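Structural features, examined
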Amino acid sequence: AFEVKIASTGACYQIPAGKTVVAILEEQGISIPISCEQGVCGTCITRILDGVPDHRDMYFMDNEKAQNDQFTPCCSRAKSTSLTLDL
Ligand code: FES
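These remarks concern the structure in this document. (Residues numbered from 1 in each chain as written. Predicted model: local features only at pLDDT ≥ 70, side-chain atom pairs only at ≥ 80, totals over all residues.)

This part takes up the environment of isoleucine 30. On the secondary structure map, isoleucine 30 appears in the loop between helix 1 (21-27) and strand 3 (46-50). Considered as a pair, isoleucine 30 and cysteine 75 are 45 residues apart in the sequence and their alpha carbons are 16 Å apart. Ignoring any residue separated from it by four or fewer positions in sequence, one finds isoleucine 30 in contact with Ile6, Leu25 and Leu87. (Helix = DSSP H or I, 4+ residues; strand = E, 2+ residues; numbered from the N terminus. Contact = placed C-beta atoms within 7 Å.)

What follows is the structure, encoded as structure tokens:
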């Protein structure tokens, strides 16, 4: 599990194994647009202000992944204990 922090509100949510960031935030009334939910289309791309994502998508190029400033919350997770999202 890891924690997602919403930059605009400071709210933090735990993302357990087996649940996506998109799904947990949706439960909290924070909707991120999605389409493929498989890391292919890029619809869900969200900016990261702090923390290190664990990229599970096939959308970004390797050099983009290495910048760690955006990720696909429909499928990607975190390497750090917390991610701060620009939401
Ligand atoms: Fe397609 Fe996330 S919804 S990459």
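Let us now look at the pairing of strand 1 (residues 2-6). Bridge count between strand 1 and strand 2 (residues 12-15): four bridges; the pairing is antiparallel. Across the sheet, the residue bridging to phenylalanine 2 is isoleucine 15, located in strand 2. Count of turn residues in the strand 1/strand 2 antiparallel hairpin: five residues, of which glycine 10 carries a positive phi of about 80°. By the bridge criterion, four bridges tie strand 1 to strand 7 (residues 82-85) in an arrangement that is parallel. Bridge pairing in strand 7 links glutamate 3 to serine 82. (Pairing = 2+ DSSP bridges.)

The next thing to look at is the sheet that holds strand 2. One open sheet accounts for five strands, arranged 2-1-7-3-5; its pairing is mixed. If you trace the sheet from one side to the other, it starts and ends with strand 2 and strand 5 (70-71), each paired once. Note: strand 3 against strand 7, two bridges, orientation antiparallel. In the sheet register, isoleucine 48 faces strand 7, and the bridge partner there is leucine 85.

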